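# Breakdown of the fold
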Amino acid sequence: MIDPNQAGGTRPLLIVDDDDTFVRVLTRALTSRGFDVLSARRADEARALARRHQPRHCVLDLKLGEENGLRLIPDLHELVPDMRILLLTGYASIATAVEAIKRGAHDYLSKPVDADAIVRALLEGDVAQQSEDDVLDAPEAPLALRRLEWEHIQRVLTESDGNISETARRLGMHRRTLQRKLSKHPVRERPEQTD
């Protein structure tokens, strides 16, 4: 386990998430690991806390109610240039991960995630900066058709800044159909079966 006090000081860690239960559990876990935790439910709260406390680390959720966590990343870096941002989401996609890294996130994890994985992502990644090409390894086997559809929807949604109506228009589908597809969990790849 890496001690956050040895990893560059004792500045606070900011959690930006609108799920009260998740924030409460994560706050307790990270506090027990030596972090001084602040939390915000909305983007404007996060900006105010970042300006006031200058946190070294941030755990940011992709979906903040109607707001999009991706849009907040550049604002947080403007307020605290050396802030290390970890983006979390329950709806992982390659397009979202790449966009998060382009906007300045240092790492990207899918929920559910444990506190140790968060600490590793926040502290161990300081050693070597990854280039965008190193972020994701290409899958060895082709993706399933339903997974490809999910990835494409996520890419178009990201390009549309999270606007559902614009995404549906670009995809040529009804808005309700898109919302139904987005409400489902992402398609998971089946593990290889060994005989």
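Before reading further, recall that the structure is shown in the block above.
Summary of the structure given here.

Conventions we followed
Residues numbered from 1 in each chain as written. Predicted model: local features only at pLDDT ≥ 70, side-chain atom pairs only at ≥ 80, totals over all residues. Heavy atoms only, no water. Pairing = 2+ DSSP bridges. Helix = DSSP H or I, 4+ residues; strand = E, 2+ residues; numbered from the N terminus. Axes fitted to C-alpha atoms, helices over the stretch in contact; angles between N-to-C directions. Polar contact = N/O pair within 3.5 Å; in protein donor to acceptor, adjacent residues only side chain to side chain. Contact = heavy atoms within 4.5 Å. Buried < 20%, exposed > 50% of the residue type's maximum accessible area, 1.4 Å probe, protein only. Parallel < 35°, antiparallel > 145°, perpendicular 65-115°, else oblique. Left-handed = near helix turned anticlockwise from the far one by under 90°. Nonpolar A, V, L, I, M, F, W, Y, C, P; charged D, E, K, R; others polar. Salt bridge = Lys/Arg side-chain N within 4 Å of Asp/Glu carboxyl O.

What follows concerns the sheet that holds strand β1 (residues 13–16). Here five strands make up an open sheet; going across it, the order is β2-β1-β3-β6-β7 and the pairing parallel. Only two strands of the sheet have a single partner each, and these edge strands are β2 (37–40) and β7 (107–110). Along the sheet, successive strands turn relative to each other by an average axial angle of 20 degrees, direction set aside. Pairing of strand β3 (residues 57–61) with strand β6 (residues 84–89), which is carried by five bridges, proceeds in the parallel orientation. When the sheet's bridge partners are listed, L60 is paired in β6 with L87.

Moving on, we get to the side chain of T167. Mapped onto the elements of the fold, T167 is located in helix α8 (residues 164–171). Here the side chain of T167 touches N163 through a polar contact of 2.7 Å, landing on its backbone oxygen. Contacts of T167, omitting those with residues within four sequence positions, involve I153, V156, L157, S160 and L178.

Secondary-structure assignment places A115 in helix α5 (residues 115–123). The class of A115 is buried, set by a relative accessible area of 11%. In the structure, A115 is positioned 90 residues away from V25 in sequence and 9.3 Å away in space, judged by C-alpha atoms. Residues in contact with A115, not counting those within four places in the same chain, are L26, A29, L30 and R33.

Between helix α3 (residues 69–79) and helix α4 (residues 94–103), the least distance of the axes is 9 Å, while the angle of their chain directions is 20 degrees. Considering the angle they form, α3 stands roughly parallel to α4. Classified by chirality, the crossing of α4 by α3 is right-handed. Each of L70, R71, I73, P74 and H77 in α3 lies in contact with α4, whose residues at this interface are T96, E99, A100 and R103. In the contact of α3 with α4, the residues fall into four nonpolar, two polar and three charged.

The next subject is the pattern of salt bridges. Considering all chains together, one arrives at ten salt bridges under this definition. Linking R42 and E45 is a salt bridge whose minimum nitrogen-to-oxygen distance equals 3.1 Å. A salt bridge links E166 to R170; the shortest N-O distance between them is 2.9 Å. Taken together, the residues E166 and R170, both in helix α8 and four residues apart, mark about one turn of the helix. For E166, a relative accessible area of 22% translates into the label partly exposed. Of the residues examined, R170 reaches a relative accessible area of 42% and is grouped as partly exposed. Several salt bridges converge on common partners, so that one network encompasses R42, D44 and E45.

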